[in-house]
Amino acid sequence: MKANPIQEFILKNKRNLQIAAAVAESWPDAREKLVSGFLDRLESRLAKKLKGWRFEREGIFFVDPWSNILLWKPAWEDQYYLGLHFANYGQKMKFGVVRSNDLIGKRKLCSELLAAVSGIFPSARQTKYFEAVIDMHSPAADWRKPEVLWRMHTDHTFLEEVSDQLLQVAKISAPILDRLVRKK
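To keep things clear, this report deals only with the structure shown in the data block. (Residues numbered from 1 in each chain as written. Predicted model: local features only at pLDDT ≥ 70, side-chain atom pairs only at ≥ 80, totals over all residues. Heavy atoms only, no water.)

Observations concerning the environment of M93
Test applied: Under the scheme used here, helices are H or I runs from DSSP no shorter than 4 residues and strands are E runs no shorter than 2 residues, and both carry numbers assigned from the N terminus. Any pair of residues with heavy atoms lying within 4.5 Å of one another is described as a contacting pair.
By secondary structure assignment, the location of M93 is in strand β4 (residues 92–99). When residues no more than four places from it in sequence are discounted, the contact partners of M93 are L84, H85, F86, I134, D135, M136, A140, A141 and W143.

In structure tokens, the structure reads:
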């Protein structure tokens, strides 16, 4: 077996074990505080550009396997949303245009929307739940890592990159979604 320096430190004495237990107990709350602060800043930044849009958070970030921040125009409610998805507990970040499959599942996927989003994000694809979904690679694909959480907390460019990607999807998809909602 390989020696694990962290385990060795923890097991070295009673005090180190107490410190490790305190850190382990506090970690989920500290991580939630980091992501909550980031999402507050993201929503604020997006709200300045997307006047009248609504925002909602679903799930407990890094605890639930699928948690989201959703944004939409009121006319789209219960049909379409833009979303930032913490897939696989935040290991695989995704963003794109979500469809409410429970309510519009029988409606055909919109090839025009996928083509428009693919023009900006060539890796965009459609699924049962997404008109267009993109795997996030930048600023980071896996948001669970401590260095990513620290960037999320301190690096303004992290916020800018996430915001800019969502705004690009909003700009290209909003006119198409407006038409789709009016038709139905």
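Moving on from the model shown.
Some words on the nonpolar core
This is how the line gets drawn: What we call a nonpolar core is a set of buried Ala, Val, Leu, Ile, Met, Phe, Trp, Tyr and Cys residues that are connected through their side-chain atoms within 4.5 Å. A 1.4 Å probe rolled over the protein chains alone gives each residue an accessible area, and that area as a share of the maximum for its type sets the label: buried under 20%, exposed over 50%, partly exposed in between.
F38, L42, L84, W143 and V162 are the most contacted members of the largest nonpolar core, which has 54 residues in total. Every element with two or more residues in this core is listed here: α2 (14–49), β2 (66–72), β3 (80–87), β4, α4 (111–120), β5 (130–135), α5 (146–154) and α6 (156–183). Tallying contributions element by element places α6 first for this core, with 12 residues. Those residues in contact with W143, other than ones at most four positions away along the chain, are F38, F62, L84, F86, G90, M93, M136, V148, L149, M152, F158 and V162.

Some points on the packing of aromatic side chains
Defined as follows: Ring pairs are drawn from Phe, Tyr and Trp, using the six-membered ring of Trp, whenever the two centres fall within 6.5 Å, and their geometry is named by plane angle: stacked under 30 degrees, edge-to-face over 60, tilted for the rest.
Applying the stated rule across the entire model yields 9 aromatic pairs. For the pair W53 and W76, a centre-to-centre distance of 5.0 Å together with 75° between the ring planes defines the contact as edge-to-face. Linking W53 in the loop between α2 and β1 (54–58) with W76 in the loop between β2 and β3, this pair joins segments that are 23 residues apart in sequence. The residues W53 and W76 share a single accessibility class, namely buried. Between F95 and F121 the ring centres are 5.2 Å apart and the planes differ by 85°, which places this aromatic pair in the edge-to-face class. Of this pair, F95 sits in strand β4 while F121 is found in the loop between α4 and β5, placing the two residues 26 residues apart along the sequence.

Observations concerning the sheet that holds β4
How we decide: When DSSP finds two or more bridges between a pair of strands, those strands are recorded as paired. To define axes, lines are fitted to C-alpha atoms, for helices over the stretch in contact only, and angles between the resulting N-to-C directions are given on a 0 to 180 degree scale.
One open sheet holds the 5 strands; their spatial order is β1-β2-β3-β4-β5, and the pairing between them is antiparallel. Bordering the open sheet on either side are β1 and β5, each of which pairs with just one other strand. With strand direction ignored, the average angle separating the axes of adjacent strands in the sheet is 15°. Here β4 runs beside β5; their pairing, made up of 5 bridges, is antiparallel.

Keep in mind that these numbers describe shape and distance, not what the molecule does.
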